[in-house]
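Survey of secondary and tertiary structure
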Amino acid sequence: MKAVVIHETGGPEVLRWEEAPNPEPDDAEVLIRVHAAGVNPVDWKRRSGNYDLDLPTILGNEASGTVQQSRAEGFAEGDEVFGYAASGAYAELAATPATTIARKPEGVAHEQASTIQVAAQTAWQSLFDVAGLESGQTALIIGASGGVGHYAVQLAKQAGARVIGTGSSRNRDFVLGLGADEYVDYTEQDIAEAVNDADVTFDTMGAETEKLVSTVREGGFLVVIASAPPEEAAKERGIRTALHVTEPNPDELGRIADLIAAGDLRVEIQEVIPIAEARRSHELSESGHVRGKLVLAVSG
């Protein structure tokens, strides 16, 4: 097969589209012919050397495609599936445990499905599984126009929460259009001064997280996904914190996909990029100004 392989850590230039060994599925695993792969900040952070890696390696955690070989109950050759790609999503083929994927509904495109495992499921788990967001509460979403953030706004609103999104002026209409009740433009307002009563603050960005402690009411929850939680400051204010790392959950994957198929959850894809141009996808992602998601087109 061909895959985007890194042999060393560094900038986007270390991404190489080249021949690689086909992954072999173990018992209870499936081999997926990948049609689309989601691009996430964790991908370029791994590529940059922020994580310990066994090199060479194939990046990418989320994919959508067709089962080419199954060694697991419940899945057969030809099934259209999506979810986690254990052997790496930036590839024509990916092997993964059957417990990390779900069937793709007919009404969901592979490009849409390839954004669910990391972006949508991170939003779902952070808001509901970790913070326990409920109807009538207030959710503050930091980075509301991004891949995780744009899902979080919609899911929180559907749950009956009052939603406040943050971002720059160019994304105001987009975030309000997703259902946010209020918007804080961080270029004009200090978020910590604009909000002080959130039941849940969900930080998808990881910058200046300690300043967000004051946005949460006493007894509330600050969930972070891109930095260490400010535990001491949180303790002084009387709020709870958590650093959430998303775990594959087929039931949640299916529920999110059904929302997309029904038209109840919007998937914003800024651009679908040929996988041979993966370097450009990382350059765009690292800019920090992507609206929604970037997706790699792998195979038809």
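Before reading on, note that the structure itself is shown above.
Note that the coordinates shown come from a computational prediction; the quantities given were computed from them, not determined experimentally.

Brief notes about the packing of helix 1 (residues 41–48) against helix 9 (residues 278–286)
The geometry of helix 1 relative to helix 9 is characterised by a closest axis approach of 9 Å and an angle of 105 degrees between their N-to-C directions. The orientation of helix 1 relative to helix 9 falls into the category roughly perpendicular. Taken together, the residues of helix 9 that come into contact with helix 1 (itself represented by Pro41, Asp43, Trp44 and Arg47) are His282, Ser285 and Glu286. For the contact of helix 1 with helix 9, the per-class residue count stands at two nonpolar, two polar and three charged.

Topic: the sheet that holds strand 1 (residues 2–6)
Picture the strands of a sheet paired through backbone hydrogen bonds; they go either parallel or antiparallel. One open sheet holds the three strands; their spatial order is 2-1-4, and the pairing between them is antiparallel. Every interior strand has two partners, whereas the edge strands, strand 2 (16–19) and strand 4 (57–58), have only one. In this structure, strand 1 lies alongside strand 2, joined through four bridges in antiparallel fashion. Across the sheet, the residue bridging to Val4 is Trp17, located in strand 2.

Examining the sheet that holds strand 10 (residues 162–167)
Reading across the sheet, the six strands line up as 11-10-9-12-13-14 and stay open at both edges, with parallel pairing between neighbours. The open sheet has two edge strands, strand 11 (182–185) and strand 14 (240–243), and neither has a second partner. Here the strands of the sheet are splayed against their neighbours by 15 degrees on average, with no regard to which way each runs. Sheet analysis places strand 10 next to strand 11, joined by four bridges and oriented parallel. Within strand 11, the position partnered with Thr166 by the bridge is Val184. Across the sheet, helix 4 (residues 147–158) touches strand 9 (138–142), strand 10 and strand 12 (198–203), and the angle it forms with strand 9 is around 170 degrees.

Here we look at the nonpolar core
Where a protein is soluble and globular, its nonpolar side chains tend to be buried together. Grouped together as the largest cluster of nonpolar side chains are 39 residues, with contacts concentrated most on Ile116, Leu127, Ile141, Tyr151, Val153, Phe202 and Ile260. Those residues in contact with Ile141 that lie beyond four places of it in its chain are Leu127, Gly149, Ala152, Val153, Val163, Ile164, Gly165, Thr166 and Phe202. Ranked by size, the runner-up nonpolar core spans 37 residues in total, among them Met1, Leu59, Ala63 and Ala98.

Structural notes on the side chain of Glu62
The topology assignment puts Glu62 in strand 5 (residues 62–70). A polar atom in the side chain of Glu62 sits 3.4 Å from the backbone nitrogen of Gln117.

What counts as what
- Residues numbered from 1 in each chain as written.
- Predicted model: local features only at pLDDT ≥ 70, side-chain atom pairs only at ≥ 80, totals over all residues.
- Heavy atoms only, no water.
- Axes fitted to C-alpha atoms, helices over the stretch in contact; angles between N-to-C directions.
- Helix = DSSP H or I, 4+ residues; strand = E, 2+ residues; numbered from the N terminus.
- Parallel < 35°, antiparallel > 145°, perpendicular 65-115°, else oblique.
- Contact = heavy atoms within 4.5 Å.
- Nonpolar A, V, L, I, M, F, W, Y, C, P; charged D, E, K, R; others polar.
- Pairing = 2+ DSSP bridges.
- Core = buried A, V, L, I, M, F, W, Y, C linked by side-chain atoms within 4.5 Å.
- Buried < 20%, exposed > 50% of the residue type's maximum accessible area, 1.4 Å probe, protein only.
- Polar contact = N/O pair within 3.5 Å; in protein donor to acceptor, adjacent residues only side chain to side chain.

Everything listed here is a matter of coordinates, which is why it stays silent on function.
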